[in-house]
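Secondary and tertiary structure notes
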Amino acid sequence: MRNKVWVVIVICILAVGGIIGISGLTSDAVSSKADDTSPDNEKVKNVIVLIGDGMGPSYTTAYRYMKDNPSTQQMEETVFDQYLTGMAKTYSNDKDENVTDSAAAATAMAAGIKTYNGAISVDKNEQPVETVLEAAKKNGKSTGLVSTSQITHATPGAFGAHNESRDNYDEIADDYYDEMIDGKHKIDVMLGGGVDNFDRDDRNLINEFKNDGYHYVTTAEDMNNNKNARLLGLFAQVGMKKAIDREPSTPSLAEMTNAALKQLNKNEDGFFLMVEGSQIDWGGHDNDAVSVMSEMDDFAKAFQAAIAYAKEHGDTQVIMTADHSTGGLSIGRDGDYNFDTEAIKAAKRTPEYMAEQIIDGASVEYILNKYVTFDLTDTELTDVKKAAATEDVDTLHQAISDVFNERAGIGFTTGGHTGVDVPVYAYGPHSERFSGLIENTDIANEVFTFVR
Ligand code: MG
Ligand code: ZN
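This one's a predicted model, so the numbers in the text were calculated from it and none came from an experiment. (Residues numbered from 1 in each chain as written. Chains lettered and ligands numbered in written order. Predicted model: local features only at pLDDT ≥ 70, side-chain atom pairs only at ≥ 80, totals over all residues. Heavy atoms only, no water.)

Moving on, we come to the overall build of the protein chain. When its secondary structure is counted, the protein chain shows 18 helices and 16 strands. Across its three principal axes, the protein chain shows a C-alpha extent of roughly 110 × 60 × 45 Å. Within the protein chain, the proportion of its 452 residues that are buried is 54%. Taking the intrachain contacts of the protein chain between residues at least 6 apart in sequence as the baseline, contacts between residues at least 24 apart amount to 75%. For the protein chain, the exposed area adds up to about 19600 Å²; of that, 49% sits on carbon and sulfur atoms. (Helix = DSSP H or I, 4+ residues; strand = E, 2+ residues; numbered from the N terminus. Buried < 20%, exposed > 50% of the residue type's maximum accessible area, 1.4 Å probe, protein only. Contact = heavy atoms within 4.5 Å. Areas by Shrake-Rupley, 256 points an atom, 1.4 Å probe, with all protein chains shown as cover.)

With that settled, consider the coordination of the magnesium ion (ligand 1). Only D53 (OD), T155 (OG1) and E276 (OE) from the protein reach the magnesium ion (ligand 1) as donors, at distances of 2.0 to 2.2 Å. In terms of primary sequence, the donors binding the magnesium ion (ligand 1) are separated according to D-x101-T-x120-E. A residue pair is termed long-range when its members are at least 10 positions apart, and T155 in helix 5 (residues 154-160) and E276 in strand 9 (residues 271-277) qualify at 121 residues. Given the relative accessible area of 0%, E276 is considered buried. (Donors = N, O, S within 2.8 Å, 3.2 Å for Na, K, Ca; no water.)

Reference values for angles at a metal are 109.5 degrees in the four-donor tetrahedral case and 90 or 180 degrees in the six-donor octahedral case. Distances from the zinc ion (ligand 2) to its protein donors, namely D281 (OD), D281 (OD), H285 (NE2) and H417 (NE2), fall within the range 2.0 to 2.3 Å. Taken together, the 4 donor atoms coordinating the zinc ion (ligand 2) and their angles of 57 to 154° define a geometry best described as irregular. Exposure remark for H285: the relative accessible area of 29% places this residue in the partly exposed category. (Tetrahedral: all angles 85-135°; square planar, octahedral: opposite > 155°, others 65-115°.)

Taken across its 5 residues, strand 6 (residues 189-193) has 5 buried, putting it largely inside the fold. Bridge count between strand 3 (residues 142-150) and strand 6: 4 bridges; the pairing is parallel. The residue bridging Q150 from the neighbouring strand is G193, located in strand 6. Here 4 bridges tie strand 6 to strand 8 (residues 231-234), and the two strands are oriented parallel to one another. Counterpart to V189 in the pairing with strand 8 is L231. (Pairing = 2+ DSSP bridges.)

Moving on, we come to the nonpolar core. Counting 120 residues, the largest nonpolar core has Y176, L191, F198 and F272 as its most contacted members. For this core, the element with the most residues is helix 12 (residues 289-312), which contributes 13 residues. Each of domain 1 (42-330 + 414-451) and domain 2 (340-408) gives at least three residues to this core. Not counting the four nearest positions on each side in its chain, F272 is found in contact with V47, V49, V132, L133, A136, S142, T143, G144, F159, L264 and V447. (Core = buried A, V, L, I, M, F, W, Y, C linked by side-chain atoms within 4.5 Å. Domains from an automatic or database assignment.)

A few words now on the packing of helix 10 (residues 253-264) against helix 12. Relative orientation of the contacting elements helix 10 and helix 12 amounts to 25°, with a least axis distance of 7 Å. Of the possible angle classes, the one that applies to helix 10 and helix 12 is roughly parallel. The chirality of how helix 10 crosses helix 12 is right-handed. Contacts from L253, A254, T257, N258 and L261 in helix 10 reach D298, F299, K301, A302, A305 and Y309 in helix 12. (Axes fitted to C-alpha atoms, helices over the stretch in contact; angles between N-to-C directions. Parallel < 35°, antiparallel > 145°, perpendicular 65-115°, else oblique. Left-handed = near helix turned anticlockwise from the far one by under 90°.)

To continue, consider the domain arrangement of the protein chain. Here the domain parsing of the protein chain yields domain 1 (42-330 + 414-451) and domain 2 (340-408). On the side of domain 2, 15 residues touch domain 1, which itself brings 12 residues to the contact. Summed over both sides, the interface between domain 1 and domain 2 buries roughly 1200 Å², with carbon and sulfur atoms accounting for 58% of that surface. By the criterion of area lost to domain 2, the three top residues of domain 1 are M66, D245 and V290, representing 44% of everything that side buries. The interface formed by domain 1 and domain 2 contains 1 salt bridge. Measuring nitrogen to oxygen at the nearest pair gives 3.2 Å for the salt bridge that ties K242 to E352. Taken together, the links from domain 1 to domain 2 amount to 7 residue pairs in polar contact (both at pLDDT 80 or more). Listed by contribution, the elements that provide at least two residues to the side of domain 1 that touches domain 2 are helix 2 (57-67) and helix 12. (Buried area = accessible area lost by both parts, 1.4 Å probe. Salt bridge = Lys/Arg side-chain N within 4 Å of Asp/Glu carboxyl O. Polar contact = N/O pair within 3.5 Å; in protein donor to acceptor, adjacent residues only side chain to side chain.)

This paragraph deals with the sheet that holds strand 8. Spatial ordering of the open sheet is given by 7-8-6-3-9-1-10-15-2-16, a layout of 10 strands whose pairing is mixed. Where the open sheet ends on each side, the last strands, each with one partner, are strand 7 (215-217) and strand 16 (436-439). Between one strand and the next, the sheet's axes are offset by a mean angle of 15°, whatever the strand orientation. On top of the sheet, helix 12 reaches strand 1 (46-52), strand 3, strand 9, strand 10 (316-322) and strand 15 (422-427); it is set at about 165° to strand 1, its chief contact. In this fold helix 18 (residues 440-451) packs onto strand 1, strand 2 (84-89), strand 9, strand 10 and strand 16, with an angle of close to 85° to the strand it touches most, strand 16.

Chain-level pLDDT for the protein chain is 93 on average; 91% of the residues reach the 70-or-more range. Residue range residues 10-40 is modelled with pLDDT below 50. Its contacts to residues more than four positions away, or to other chains, number 8 contacts. (pLDDT = per-residue confidence, 0-100.)

Another aspect to go through is helix 15 (residues 364-371). Quick reminder: α-helices carry 3.6 residues per turn. Residues three or four places apart thus point the same way. All of the buried residues in helix 15 are V364, I367, L368 and Y371. Around the axis of helix 15, the buried residues are gathered within 95° of arc, so they sit on the same side. Each element contacted by the buried residues of helix 15 is listed here: helix 14 (351-359) and helix 16 (378-389). (Arc of directions from axis to C-beta.)

This paragraph deals with helix 17 (residues 393-408). With 16 residues, helix 17 should cover 22 Å at 1.5 Å per step; its first-to-last C-alpha distance of 23 Å lies within 8% of that length. Along helix 17, the residues classified as buried are L396, H397, A399, I400, S401, V403, F404, N405 and A408. Of the surrounding secondary structure, the elements contacted by the buried residues of helix 17 are helix 12, helix 13 (341-345), helix 14, helix 16 and strand 13 (410-411). Immediately downstream of helix 17, the backbone of G409 shows phi near 85°, a positive value. (Expected span 1.5 Å × (residues − 1).)

Okay, structure coming up:
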């Protein structure tokens, strides 16, 4: 009798449990908890964070105009658009400046804290704060930094180093070598510019890395042929050339991204990779729309490379955003309601490149004929010649930039940054965590949950 009662009770428990289980599954599939909405609850093994430095919302919109097919009424989507998930607030924690610089913003995205402008993953008291790259390394993952600036610049620096000032490029390079995690160098793949910060009078970090098993490359070909899991590639003394000025021996950002992924992919425990389109920002500081679009295009192809990898490897989370906007770039200027993208596309080199050639002795007419597909008006030519007569490369660079900006209808309001929110894009198992209006620090805090 007693046994029968127990059997009935057990059957009842099983039946009720089954019903709860089924309804539980159903309700999970329909509504879900905020921190775990992935239908298959997939674990993230690899993380790729891409940062378009200075790439505020007017930049991604301008890029859409640039890529539009004029023979259709609709303005087609860019390679970014379908992955848009939200917007990020960028303000820093700085008593004098509430518009962020790249160091404070990168620290927010790398270490999850708001700090002062110029800080490289240190807090307000100049104390180091662990970064997502370091947490990934500590957890047995491989790590990489890729940029078109010197690899010691603020954005990559905040992922791989700690310093009270972004200006201490050499000390940031020292950190990459000296700060070990479990007896190993913390960054497995470093690709970008910055020979000057590695090969110095006081220290040769290139040789130090080579002695510790890193393969060192300086050309696209050697980088693409690399088979070593630890790779240092430096392709310029300081920053790399803008994409449209680069020689074929110098890699694109997409090539560097793929070269990094090829090695990082070897680690069964996964990897963390940060890829930066560093010089979108530099084009913005220079108020040079041609350079901006050159660097946006380079960055877009790197983004596509990251997405392609993630589509092949479902345990990969891609997050892409900007650290801030730069220059106050506007689509439309001086009361005109038009952005003529053909004026930007008419430049075959950047205004900076043209200015340097003229300062080096080439004639204004020869250079403009060679690298610009439209004929300048007499007024435009006079303005450029006047600037050339100053023999100041920056003045001439600006004068040539102005020809393109004015024809195109692209405006700028500042040589510095602006405090607007920036778009956030994501692809992968937990993209929903990057949706809505977020803080830039949320990016690090979510990435920590993937890499720890
Ligand atoms: Mg940067
Ligand atoms: Zn900047």
